[in-house]
Every structure is written in C-alpha cells, then in structure tokens.
Amino acid sequence: MQTTIDAIREAHAAAMRAIHRANLAFGDDPEISVLLPRLQEAGASLREAENQAVRIKSRRDLGAEDAIDHDA
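Not measured: the values here are computed from a predicted model.

Definitions and cut-offs
Residues numbered from 1 in each chain as written. Predicted model: local features only at pLDDT ≥ 70, side-chain atom pairs only at ≥ 80, totals over all residues. Heavy atoms only, no water. Helix = DSSP H or I, 4+ residues; strand = E, 2+ residues; numbered from the N terminus. Rg over C-alpha atoms; globule rule 2.2 N^0.38 Å. Buried < 20%, exposed > 50% of the residue type's maximum accessible area, 1.4 Å probe, protein only. Contact = heavy atoms within 4.5 Å. Areas by Shrake-Rupley, 256 points an atom, 1.4 Å probe, with all protein chains shown as cover. Lys, Arg positive; Asp, Glu negative; His and termini not counted. Charge placed at Lys NZ, Arg CZ, Asp CG, Glu CD. Core = buried A, V, L, I, M, F, W, Y, C linked by side-chain atoms within 4.5 Å. Salt bridge = Lys/Arg side-chain N within 4 Å of Asp/Glu carboxyl O. Expected span 1.5 Å × (residues − 1).

**Student:** Explain the overall build of the protein to me, please; I cannot follow it from the model alone.
**Tutor:** Assigned secondary structure in the protein consists of 2 helices and 0 strands. At 18 Å, the protein has a C-alpha radius of gyration far larger than the 11 Å of a compact globule built from 72 residues. Its C-alpha atoms give the protein principal-axis dimensions of about 65 × 15 × 10 Å. Within the protein, the proportion of its 72 residues that are buried is 17%. Within the protein, contacts between residues at least 6 apart in sequence are counted, and of these 60% link residues at least 24 apart. Entry remark: accessible area of the protein is about 5,400 Å², with carbon and sulfur atoms responsible for 54%. Computed over 9 positive and 13 negative side-chain charges, the separation of the two mean positions in the protein equals 2 Å.

Here you go:
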C-alpha cells in the first residue's frame, strides 16, 4: 500500500511540475487559461486520492494491530 501512496505522491509532484513548465512555456498563450485549471484539478484529484489511500492504509494498519492485540 505504501508503494501506491508513493506513486500517487510522485504523480502529484509531476502535475505540479507540469503546471510550472506550462506557465513558463505557454504563459502568453490564450489557451493557458484552459490548460492550467485542468492541471490544477489533476493535482487536486491526486491529493484527494493520496488522502484516501492513506486513510485506507491507516484502517488496515489499525485492523492488523487489533488482530495482534486479540491474539495476545
């Protein structure tokens, strides 16, 4: 599960880099006003996915701890 979380974080960082690069490369193009919000939305969606994955991992970790406590 941590590998998945790390991959989502990597994808988010890539989206943030894409926003920066798009600003540099296309900053004066009128269509940048369409591109940037899409990239920002992708970044926000990835952050939400990361948060969800972390919650799932936390629940699994707690479940595993509870199972260990019940076995003891």
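**Student:** What exactly am I supposed to notice about the nonpolar core here?
**Tutor:** Within soluble globular proteins, side chains that are nonpolar tend to cluster in buried spots. Core analysis: the largest hydrophobic core is formed by 5 residues, namely Ile19, Ala22, Ile32, Leu36 and Leu39. Within the residue set of this core, elements represented by two or more residues are helix H1 (2–26) and helix H2 (32–71). Considering each element in turn, this core owes the most residues, 3 residues, to H2. Setting aside residues up to four positions removed in sequence, Ala22 forms contacts with Gly27, Ile32, Leu35, Leu36 and Leu39.

**Student:** Sorry if this is basic, but what is going on with the pattern of salt bridges here?
**Tutor:** A pair can form between side chains of opposite charge whenever their charged atoms are brought close. Per the stated rule, a full pass over the model turns up 3 salt bridges. Two residues, Arg47 and Glu50, come together in a salt bridge whose shortest N-O distance is 2.6 Å. Of the two residues, Arg47 and Glu50 are both situated in helix H2; the distance of 3 residues between them amounts to about one turn of the helix. Classification of Arg47 by relative accessible area gives partly exposed; the value is 37%.

**Student:** Would you explain the side chain of His12 in this entry?
**Tutor:** Summarising the element assignment, His12 is placed in helix H1. When residues no more than four places from it in sequence are discounted, the contact partners of His12 are Gly43, Leu46 and Arg47.

**Student:** It is not clear to me how H1 should be interpreted in this structure. Could you clarify?
**Tutor:** Side chains three or four residues apart in an α-helix point the same way, a direct result of the helix having 3.6 residues per turn. Over its 25 residues, H1 runs 35 Å from end to end, which matches the ideal 36 Å to within 8%, given 1.5 Å per residue. Residues of H1 that are buried include every one of Ile5, Ile8, His12, Ala15, Ile19 and Ala22, and no others.

**Student:** What am I meant to see in the side chain of Glu50 here?
**Tutor:** Assessed through its relative accessible area of 7%, Glu50 is described here as buried. In this structure Glu50 touches Ile5, Ile8 and Arg9, once residues within four positions along its chain are discounted.

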